[in-house]
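Examining the three-dimensional arrangement
Residue strings, one per chain:
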Amino acid sequence: MTIRQLYEMSCALIFETPDDDEDLKTGFPHILNQILAEAVDYENQFRRLDGETLLRVEDIPLYQSADSNEMLPFHEKLCRAALPLGIKAGLLQEDGSKQAEAVMEYNKYITALNDLTPAVFIDVNSE
(Lines give C-alpha, C1' and ligand atoms only; values in the text may rest on other atoms or scores of the structure.)
Protein backbone atom coordinates (compact mmCIF):
# COMPACT_ATOMS: atom_id res chain seq x y z
CA MET A 1 0.00 0.00 0.00
CA THR A 2 1.24 3.50 -0.75
CA ILE A 3 1.23 6.39 1.67
CA ARG A 4 -1.34 8.16 -0.50
CA GLN A 5 -3.64 5.13 -0.45
CA LEU A 6 -3.42 4.95 3.34
CA TYR A 7 -4.15 8.68 3.57
CA GLU A 8 -7.25 8.29 1.38
CA MET A 9 -8.46 5.25 3.34
CA SER A 10 -7.95 7.07 6.63
CA CYS A 11 -9.86 10.11 5.38
CA ALA A 12 -12.78 7.90 4.42
CA LEU A 13 -12.91 6.50 7.96
CA ILE A 14 -13.52 9.97 9.38
CA PHE A 15 -15.82 10.97 6.51
CA GLU A 16 -13.42 13.56 5.10
CA THR A 17 -12.64 14.08 1.44
CA PRO A 18 -8.90 13.75 0.78
CA ASP A 19 -7.20 17.12 0.25
CA ASP A 20 -10.17 19.13 1.60
CA ASP A 21 -8.72 19.78 5.06
CA GLU A 22 -5.17 21.13 4.90
CA ASP A 23 -4.59 20.70 8.64
CA LEU A 24 -5.62 17.05 8.44
CA LYS A 25 -3.39 16.48 5.43
CA THR A 26 -0.44 18.23 7.09
CA GLY A 27 -0.87 16.21 10.30
CA PHE A 28 -1.18 12.86 8.52
CA PRO A 29 2.56 12.14 7.96
CA HIS A 30 3.38 12.87 11.61
CA ILE A 31 0.68 10.50 12.82
CA LEU A 32 1.82 7.91 10.26
CA ASN A 33 5.42 8.10 11.48
CA GLN A 34 4.26 7.55 15.05
CA ILE A 35 2.01 4.56 14.37
CA LEU A 36 4.61 2.87 12.17
CA ALA A 37 7.09 3.04 15.04
CA GLU A 38 4.44 1.56 17.33
CA ALA A 39 3.59 -1.23 14.86
CA VAL A 40 7.10 -2.36 13.90
CA ASP A 41 7.12 -5.31 16.30
CA TYR A 42 3.87 -6.57 14.78
CA GLU A 43 5.32 -6.21 11.29
CA ASN A 44 8.32 -8.21 12.41
CA GLN A 45 6.12 -11.15 13.32
CA PHE A 46 5.02 -11.36 9.67
CA ARG A 47 8.67 -11.10 8.64
CA ARG A 48 9.72 -13.86 11.03
CA LEU A 49 7.01 -16.11 9.64
CA ASP A 50 8.16 -15.39 6.08
CA GLY A 51 11.87 -15.71 6.94
CA GLU A 52 12.56 -12.07 6.02
CA THR A 53 14.95 -9.57 7.56
CA LEU A 54 13.45 -7.84 10.58
CA LEU A 55 12.66 -4.16 10.37
CA ARG A 56 14.06 -1.65 12.85
CA VAL A 57 12.39 1.65 13.60
CA GLU A 58 15.53 3.31 12.22
CA ASP A 59 14.90 1.55 8.88
CA ILE A 60 11.49 3.17 8.43
CA PRO A 61 11.70 6.48 6.56
CA LEU A 62 10.22 9.57 8.17
CA TYR A 63 7.44 10.37 5.76
CA GLN A 64 6.77 14.02 4.96
CA SER A 65 3.76 14.05 2.65
CA ALA A 66 0.35 12.47 2.34
CA ASP A 67 0.78 12.66 -1.44
CA SER A 68 3.71 10.24 -1.58
CA ASN A 69 3.40 7.18 -3.78
CA GLU A 70 6.10 5.36 -1.79
CA MET A 71 5.16 1.86 -0.73
CA LEU A 72 4.96 1.31 3.01
CA PRO A 73 7.40 -1.35 4.22
CA PHE A 74 4.63 -3.18 6.10
CA HIS A 75 2.60 -6.30 5.43
CA GLU A 76 -0.52 -5.57 3.41
CA LYS A 77 -2.80 -7.04 6.07
CA LEU A 78 -1.56 -4.50 8.62
CA CYS A 79 -1.78 -1.68 6.07
CA ARG A 80 -5.38 -2.39 5.21
CA ALA A 81 -6.85 -3.49 8.50
CA ALA A 82 -4.86 -1.93 11.35
CA LEU A 83 -2.89 1.16 10.28
CA PRO A 84 -5.99 3.09 9.09
CA LEU A 85 -7.46 2.69 12.58
CA GLY A 86 -4.29 4.12 14.13
CA ILE A 87 -4.36 7.05 11.73
CA LYS A 88 -8.04 7.60 12.45
CA ALA A 89 -7.35 7.71 16.19
CA GLY A 90 -4.59 10.27 15.66
CA LEU A 91 -6.73 12.45 13.42
CA LEU A 92 -9.64 12.38 15.88
CA GLN A 93 -7.32 13.23 18.77
CA GLU A 94 -6.55 16.54 17.10
CA ASP A 95 -10.25 17.48 17.35
CA GLY A 96 -10.78 18.48 20.96
CA SER A 97 -14.44 17.47 20.87
CA LYS A 98 -13.64 13.89 19.83
CA GLN A 99 -11.22 12.77 22.53
CA ALA A 100 -13.37 9.86 23.72
CA GLU A 101 -13.87 8.62 20.17
CA ALA A 102 -10.11 8.90 19.58
CA VAL A 103 -9.41 6.67 22.58
CA MET A 104 -11.93 4.09 21.37
CA GLU A 105 -10.37 4.08 17.90
CA TYR A 106 -6.87 3.74 19.34
CA ASN A 107 -8.07 0.72 21.30
CA LYS A 108 -9.48 -0.75 18.07
CA TYR A 109 -6.11 -0.16 16.41
CA ILE A 110 -4.20 -1.99 19.16
CA THR A 111 -6.74 -4.82 19.12
CA ALA A 112 -6.40 -5.11 15.34
CA LEU A 113 -2.60 -5.29 15.61
CA ASN A 114 -2.90 -8.08 18.18
CA ASP A 115 -5.62 -9.97 16.32
CA LEU A 116 -3.99 -9.82 12.88
CA THR A 117 -0.42 -10.60 13.82
CA PRO A 118 0.51 -14.25 13.44
CA ALA A 119 2.12 -16.29 16.15
CA VAL A 120 5.55 -17.59 15.25
CA PHE A 121 6.45 -20.91 16.82
CA ILE A 122 10.03 -21.99 17.33
CA ASP A 123 11.47 -25.28 18.49
CA VAL A 124 13.03 -25.15 21.91
CA ASN A 125 15.42 -27.97 22.67
CA SER A 126 15.80 -28.81 26.31
CA GLU A 127 19.15 -30.33 27.08
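See the structure printed just above.
Residues numbered from 1 in each chain as written. Predicted model: local features only at pLDDT ≥ 70, side-chain atom pairs only at ≥ 80, totals over all residues. Heavy atoms only, no water.

**As for the environment of valine 40**
If you trace the backbone, valine 40 turns up in helix α2 (residues 22-50). For valine 40, a relative accessible area of 5% puts it in the buried group. The spacing of valine 40 and glycine 86 is 46 residues in sequence and 13 Å in space, taken between C-alpha atoms. Ignoring sequence-local partners within four residues, the contact set of valine 40 consists of Leu55, Arg56, Val57, Ile60 and Phe74. (Helix = DSSP H or I, 4+ residues; strand = E, 2+ residues; numbered from the N terminus. Buried < 20%, exposed > 50% of the residue type's maximum accessible area, 1.4 Å probe, protein only. Contact = heavy atoms within 4.5 Å.)

**Some details on the packing of aromatic side chains**
According to the stated counting rule, one finds two aromatic pairs in the structure shown. Both rings, one in tyrosine 7 and one in phenylalanine 28, keep their centres 5.2 Å apart while their planes meet at 70°; by these two values the pair is edge-to-face. Of this pair, tyrosine 7 sits in helix α1 (residues 3-13) while phenylalanine 28 sits in helix α2, and the two are 21 residues apart along the sequence. Relative accessible area serves as the criterion here: at 1%, tyrosine 7 is assigned to the buried category. Note on phenylalanine 28: relative accessible area 0%, which makes it buried. Relative to tyrosine 109, the ring of tyrosine 106 has its centre 5.6 Å away and its plane inclined at 55°; by these criteria the two rings are tilted. (Phe/Tyr/Trp six-rings, centres within 6.5 Å; stacked < 30°, edge-to-face > 60°.)

**A few points about the state of the cysteines**
Enumeration according to the criterion identifies zero disulfides in this entry. Note on cysteine 79: no disulfide assigned, nearest cysteine sulfur contributed by cysteine 11 at a separation of 16 Å. Classification of cysteine 79 by relative accessible area gives buried; the value is 0%. (Disulfide = S-S within 2.5 Å.)

**A word on unusual backbone geometry**
Phi at phenylalanine 15 takes a positive value of approximately 55°, unusual for a residue other than glycine. Residue classification places phenylalanine 15 among the exposed positions, given a relative accessible area of 78%. For aspartate 19, which is not glycine, the phi dihedral falls at a positive 75°. Along the chain, aspartate 19 falls in the loop between α1 and α2.

Remember, this is a structural readout, not a statement about activity or role.
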